[in-house]
Amino acid sequence: MIEEFGIKSFNKKKMKESLPYPIYLKWKDALRNEKDLDRETADAIAHAMKDWALKNGATHFAHWFLPLSGHTAKKHEAFISRTSDNEPINRFSGKELVKGEPDASSFPSGGMRSTFEARGYTYWDLTANSFVIGSVLYIPTIFMSYKGEKLDKRGPLIDSTKILSDEGTRVVNLFEKDEYAYRMRVKVGLEQEFFLLDKEVYKKRSDLKNIGRTIVGAPSPKGQELSDHYFGQIPARVEKFYKDVDKKLYELGIYSEAEHNEVAPNQFEMAILFENVNVAIDDNQLLMNILKETALENNLVCLFHEKPFNSVNGSGKHNNYSIVTNYGLNVFDPGDDPYNNNVFLLFTAAIIEATDKYQSLLRVSASSTSNDFRLGADEAPPAIISLFLGSDLEELFKDIKEDIEYKRDSDNNFRGYNLLSVPRDSSDRNRTAAVAFTGNKFEFRMLGSSKTGSDLNIALNCAMADSLANIYEKLKDFQDDPNRLREKTLEIVREIMENHDRIICDGDNYSDDWKEEAKKRGLANHKTYFDALVALRDFDFHDIFIKRGIYTEKEIKASYEVNLEEVVIYHSLEAKTMVSMIHKDLVPMGMSELNDLSQILKFKNNEKLKIKYDRIDKMITDLLECGDEINLLLDHSNNIEDIYKKAEYVERNIATKLLATRRIADQMERLISRKNMTLPSYEDIFNSLS
């Protein structure tokens, strides 16, 4: 079985096996030193890749990229061509491998390009493996406009990793005299949560089909109160589904680390092993595509919306973040003596500074309009960014701040049943923290399940690079004096803690006490994605993005407008779906119930049934009025040209009206008999896998 691992991936091993060795070395040199490939090398690689793909059933190739929408995109192109004698032949040149030209006019550009400016180009990412799915060879690429503007998320991610590597190696090499760091890799492990439900149940709800979440729906009598789903017996249908998913991941060379039931009914999780950050993002995008595809093959539907159902947990995509040198040093590993581990102290201080300094940017980068429904309850972090170090490390950093002697707890073991003493972890876990240290990495829990991890990791890499650059400037003059270097290290950590330790919290981040405390500390509390965008409207992006060439001012403005458009599109789509459901589902259900009640009331004078009749009748009227009001709000928003003002209007008016409408609909559902419930209820959905 092990020999079949990665058979659908044109990885480094297959490159080495199928290419002439001099060509392989040229590719490797271009990969490591960011050199251009000459035409001869590109043609040789393309020929080998085509032959391998054909043997694996491919008939087409596609440049696979990640536009500003955050979704994957591609265009299938056939290998088959014809000779001058009109004979069929399979062709694939180096030019086709390196560069593609999809139509760019319909992808989000935030106003950077007019609709009539259609040219866009995709360029092969040498750092990522190409792969075959079905009959298509997929080639990971970077997407750019005719004039060179970045129209995707892969290019900035790769650039951000490089600048972090440049700044990080300079700091590490001040201390690690026995090894030389010439490169640092950002290693990311993504945990993907999702919901599964029966396809036939899904097809009966237009809100799930159009939005991926239920915009109406009363709670089920039984939700997640008994905690009987979490880590419990995996339903047989889901076992089969997981088996099919694992086979596809296995063939692509993707290491699936864990799969299990999550807390909410019908909620599950899959985690993939740590990878270089751009590969980790690719693997996660592939996982999401495979989960959706495989679910349908098993007569299931996979939902990635962060909050498909009220009153139960939502879904996240936890982003586990670490940084490793070329010789394997994890800078976030505290080791046996964290107090004297200068590299650990400085990089941890850097992430404390970065998290505090760029709170609003991280809030936007990790979230979305759909994620607003999830944040703040049921094991999801609140909208306030905070960082959890754990009691031991928090004490260490506080002692450095106060310039007092740090004494580590000598008893760092505990005894388990039938076991010898087991080393205790260096920190506990805090599921209410947006950022948590978990042993040798930081887990960013705010990231929404439907969102790509690119934005968050770009922001993290650049924020870390900004902090590390400042740290290096303060240390560089002492590199030949170990004692002064150590003194300066503690001084830098002390200074960062004095300016940024407000971000550290080890308590219950759901509590009202913390919200008050966060407010006193001056921490941002952006309750919605739009509120966070408002905070970034006049933000100075020069240090984090512009001066290093990650984004231009024009590209930042474009990305900002794309985010505002997302707010408008999301709430507008929900509004249109709600109006449709009022007329096609909710009112007809209420009318059927009234009809049944009226038949009884003709013959029986029952005061309770009269009250029920009047309540439902009133709710039907209220729902119809809500539908009319929503239509008026939509009409008004359509006439607002300024995208910021439109997003603000939609957020403040339409989103609020939708919540009020839902309250009426959910109250009415509680009064409708099973006979007249044409929409599958939460109870139906939560039991659809049994």
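In the annotation of an unreviewed UniProt entry, the protein chain is listed under the name Glutamate--ammonia ligase, catalytic domain protein and assigned to Peptoniphilus harei ACS-146-V-Sch2b. What the UniProt record of the protein chain gives under Sequence similarities (unreviewed entry) is the line "Belongs to the glutamine synthetase family."

Here we take up the overall build of the protein chain. Within the protein chain, the secondary structure is distributed over 20 helices and 20 strands. A compact globule built from 690 residues should have a C-alpha radius of gyration of about 26 Å, and the protein chain, at 28 Å, falls within 12% of that. C-alpha extents for the protein chain along the principal axes are approximately 95 × 85 × 60 Å. For the protein chain, the proportion of its 690 residues judged to be buried stands at 55%. Split by element, the accessible area of the protein chain, about 31,300 Å² in all, is 48% carbon and sulfur. Between the averaged position of the 94 positive side-chain charges in the protein chain and that of its 113 negative side-chain charges there is a distance of 4 Å.

What follows deals with the nonpolar core. Note on soluble globular proteins: their nonpolar side chains tend to be buried together. Grouped together as the largest cluster of nonpolar side chains are 128 residues, with contacts concentrated most on Y321, F332, F347, M464 and F545. Broken down by element, the residue count for this core peaks at 16 residues, all from helix 17 (residues 553-601). Each of domain 2 (160-214 + 227-551) and domain 3 (566-687) contributes no fewer than three residues to this core. Ranked by size, the runner-up nonpolar core spans 28 residues in total, among them F241, V245, L249 and I272.

Further remarks concern the packing of helix 8 (residues 236-251) against helix 9 (residues 277-297). Where helix 8 contacts helix 9, the two axes come as close as 10 Å, and the packing angle between them is 135°. With respect to helix 9, the element helix 8 is oriented oblique. In this structure, helix 8 crosses over helix 9, and the sense of that crossing is right-handed. Here F241, D244, V245, K248 and L249 of helix 8 come into contact with helix 9, specifically with L287, I290, L291, E293, T294, A295 and E297. When the residues that make up the contact of helix 8 with helix 9 are grouped by side-chain class, the tally is seven nonpolar, one polar and four charged.

The subject of this paragraph is the pairing of strand 11 (residues 256-261). Summarising the sheet, strand 11 and strand 12 (residues 267-272) pair through five bridges and their orientation is antiparallel. Pairing of A258 across the sheet is with A271, part of strand 12. Connecting the antiparallel pair strand 11 and strand 12 is a turn made up of five residues, with N266 showing a positive phi of about 70°.

This part takes up the domain arrangement of the protein chain. Segmenting the protein chain into domains produces domain 1 (2-151), domain 2 (160-214 + 227-551) and domain 3 (566-687). Just the C-alpha atoms count here: the centres of domain 1 and domain 3 sit 48 Å apart.

Attention now goes to the packing of aromatic side chains. The full count for this structure, using the stated rule, is 30 aromatic pairs. Consider the rings of Y321 and F444, whose centres lie 6.2 Å apart with planes at 80°: the pair is edge-to-face. One end of the pair, Y321, is in strand 15 (residues 317-325); the other, F444, is in strand 20 (residues 442-444), with 123 residues separating them in the sequence. Across this residue pair, the class does not change: Y321 and F444 are buried. Between the aromatic rings of F344 and F397, the centroid separation amounts to 6.5 Å while the plane-to-plane angle is 65°, which identifies the pairing as edge-to-face. Here F344, found in helix 10 (residues 342-357), pairs with F397, found in helix 12 (residues 391-402); they are 53 residues apart in sequence, far enough to count as distant.

This part is about the pattern of salt bridges. Under the defined criterion, the tally for this structure stands at 40 salt bridges. Across the pair K240 and D244 runs a salt bridge whose closest N-O atoms are separated by 2.9 Å. Of this pair, K240 and D244 are both found in helix 8, four residues apart, which corresponds to roughly one turn of the helix.

Moving on, we get to the side chain of E669. Tracing the sequence through the fold places E669 in helix 19 (residues 643-669). Summary of buried charges: E669 has no salt-bridge partner, and the nearest side chain of opposite charge, R205, is 5.5 Å away. Reaching out from E669, the side chain makes a polar contact with the backbone nitrogen of A218 at a distance of 3.1 Å. Not counting the four nearest positions on each side in its chain, E669 is found in contact with G217, A218, M677 and S681.

This part takes up the side chain of T41. Residue placement: T41 occurs in helix 3 (residues 39-55). Contact partners of T41, with chain neighbours within four places excluded, come to I23, K26 and W27.

Following the sequence through the fold, R154 ends up in helix 5 (residues 154-172). Relative accessible area serves as the criterion here: at 5%, R154 is assigned to the buried category. Along the sequence, R154 and A647 sit 493 residues apart, while their C-alpha atoms lie 27 Å from each other. If we ignore the near neighbours within four places in the chain, the residues touching R154 are W64, D125, A128, P140, T141, I142, N278 and D282. Within the structure, R154 has its side chain in polar contact with the side chain of D125 (distance 2.8 Å).

Moving on, we come to the environment of F530. Residue placement: F530 occurs in helix 16 (residues 529-535). For F530, a relative accessible area of 0% corresponds to the buried category. Sequence-wise, F530 and E149 are 381 residues apart; in three dimensions their C-alpha atoms are separated by 25 Å. Apart from the residues within four sequence positions on either side, F530 is in contact with L564, Y644, A647, E648, E651 and R652.

Let's shift gears to empty space enclosed by the protein. Applying the stated rule across the entire model yields six cavities of 30 Å³ or more. Taken as a whole, the largest cavity holds about 80 Å³ of empty space. W64, F65, L66, T72, R154, L157, N278, I281, D282, Q285 and S454 together form the lining of the largest cavity. If you list the elements that add at least two residues to the lining of the largest cavity, you get helix 5 and helix 9. Top element by residues in the lining of the largest cavity is helix 9. It accounts for four residues. Taken domain by domain, the lining of the largest cavity gets at least three of its residues from each of domain 1 (2-151) and domain 2 (160-214 + 227-551).

Each value, and the rule that gives it
Residues numbered from 1 in each chain as written. Predicted model: local features only at pLDDT ≥ 70, side-chain atom pairs only at ≥ 80, totals over all residues. Heavy atoms only, no water. UniProt positions renumbered as here; feature names shortened; annotations may be inferred. Helix = DSSP H or I, 4+ residues; strand = E, 2+ residues; numbered from the N terminus. Rg over C-alpha atoms; globule rule 2.2 N^0.38 Å. Buried < 20%, exposed > 50% of the residue type's maximum accessible area, 1.4 Å probe, protein only. Areas by Shrake-Rupley, 256 points an atom, 1.4 Å probe, with all protein chains shown as cover. Lys, Arg positive; Asp, Glu negative; His and termini not counted. Charge placed at Lys NZ, Arg CZ, Asp CG, Glu CD. Core = buried A, V, L, I, M, F, W, Y, C linked by side-chain atoms within 4.5 Å. Domains from an automatic or database assignment. Axes fitted to C-alpha atoms, helices over the stretch in contact; angles between N-to-C directions. Parallel < 35°, antiparallel > 145°, perpendicular 65-115°, else oblique. Left-handed = near helix turned anticlockwise from the far one by under 90°. Contact = heavy atoms within 4.5 Å. Nonpolar A, V, L, I, M, F, W, Y, C, P; charged D, E, K, R; others polar. Pairing = 2+ DSSP bridges. Phe/Tyr/Trp six-rings, centres within 6.5 Å; stacked < 30°, edge-to-face > 60°. Salt bridge = Lys/Arg side-chain N within 4 Å of Asp/Glu carboxyl O. Polar contact = N/O pair within 3.5 Å; in protein donor to acceptor, adjacent residues only side chain to side chain. 1 Å grid on protein atoms, 1.4 Å probe; cavity = no way out; pocket = protein on both sides within 12 Å on 5 of 7 lines; lining within 4 Å. Points joined across faces, edges and corners; volume = space filled by probe spheres on them.

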